[in-house]
Amino acid sequence: MKKNLTTVLVCPSDKHSNLDLIEFETNTSNVKSGLLYCIKCIRYYPIINGIPIMVPDNQRNFIHESNFLTQWIDKIPDNIKSNSMPFNINEINSESS
Ligand SMILES: [Zn+2]
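On a predicted model such as this, the values are computed, not experimentally measured, just so you know. (Residues numbered from 1 in each chain as written. Predicted model: local features only at pLDDT ≥ 70, side-chain atom pairs only at ≥ 80, totals over all residues. Heavy atoms only, no water.)

Caption draft 1: A look at helix α1 (residues 62–71). Buried residues of α1: E65, S66, F68 and L69, and no others. What you see down the axis of α1 is that its buried residues fit within an arc of 165°, all on one side. Exposed positions of α1 whose direction lies more than 90 degrees from the buried face are I63, N67 and Q71. Between the side-chain oxygen of the N-cap and the backbone nitrogen of I63 there are 3.1 Å, and the N-cap of α1 in question is N61. (Buried < 20%, exposed > 50% of the residue type's maximum accessible area, 1.4 Å probe, protein only. Helix = DSSP H or I, 4+ residues; strand = E, 2+ residues; numbered from the N terminus. Arc of directions from axis to C-beta. Polar contact = N/O pair within 3.5 Å; in protein donor to acceptor, adjacent residues only side chain to side chain.)

Caption draft 2: Local environment of the pairing of strand β1 (residues 20–26). In the sheet, β1 pairs with strand β2 (residues 31–38) via six bridges, with the strands oriented antiparallel. What sits directly across from I22, in β2, is L35. Hairpin connection of β1 to β2: four residues between the antiparallel strands. (Pairing = 2+ DSSP bridges.)

Caption draft 3: How the structure looks around the coordination of the zinc ion. Around the zinc ion, the protein contributes the donor atoms C11 (SG), D14 (OD), D14 (OD), C38 (SG) and C41 (SG), at 2.2 to 2.5 Å from the metal centre. Motif for the zinc ion, donor spacing along one chain: C-x2-D-x23-C-x2-C. In this pair, D14 sits in the segment before β1 while C38 sits in strand β2, placing the two residues 24 residues apart along the sequence. Taking the relative accessible area as the measure of exposure, D14 reaches 22% and is therefore partly exposed. (Donors = N, O, S within 2.8 Å, 3.2 Å for Na, K, Ca; no water.)

Caption draft 4: The side chain of S84, seen in detail. Looking at where S84 falls in the secondary structure, it is placed in the loop between α2 (78–82) and α3 (89–96). Classification of S84 as buried rests on a relative accessible area of 7%. At 3.0 Å, the side chain of S84 and the backbone nitrogen of I89 are in polar contact. Each residue touching S84, except ones within four places of it in the same chain, is listed here: I42, Y44 and I89. (Contact = heavy atoms within 4.5 Å.)

Caption draft 5: Representation of the nonpolar core within the structure. Counting residues in hydrophobic clusters, the biggest one holds 15 residues, and the most contacted among them are L35, Y44, L69 and I76. Breaking this core down by element, the ones donating at least two residues are β1, β2, β3 (43–48), α1 and α3. Leave out the neighbours within four places in its chain, and L69 touches L35, Y44, I76, I89 and I92. Among the nonpolar cores identified, the runner-up in size contains 11 residues, and L9, L19, V31 and C38 belong to it. (Core = buried A, V, L, I, M, F, W, Y, C linked by side-chain atoms within 4.5 Å.)

This is the structure:
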């Protein structure tokens with residue numbers, strides 16, 4: 001995903017723009033792995049293999065996402081881990097350890 005896409009993406013839940021970009025794996029202009037985070041509704045959206053997964057809550061795949069988040073748990077800021085929708089990242093982490 002091009003980093004500058006964050007200027008046009010909006011949260012599917014509340015249409016909030018200016019999503020925070022947390023980069024896990026990146027080169028100069030592209031993010032391969034990371035998170036987009038909406039501070040308004042505290043939802044996170046994973047970027048997996050360069051593709052932002054921005055779908056409504058009822059279409060999200062908990063198992064797929066929890067594997068991904070567990071892999072990058074050390075790079076996720078604490079405020080997002082403790083305050084996240086639609087899944088609580090701290091719970092994912094405690095279940096896997
Ligand atoms: Zn939102």
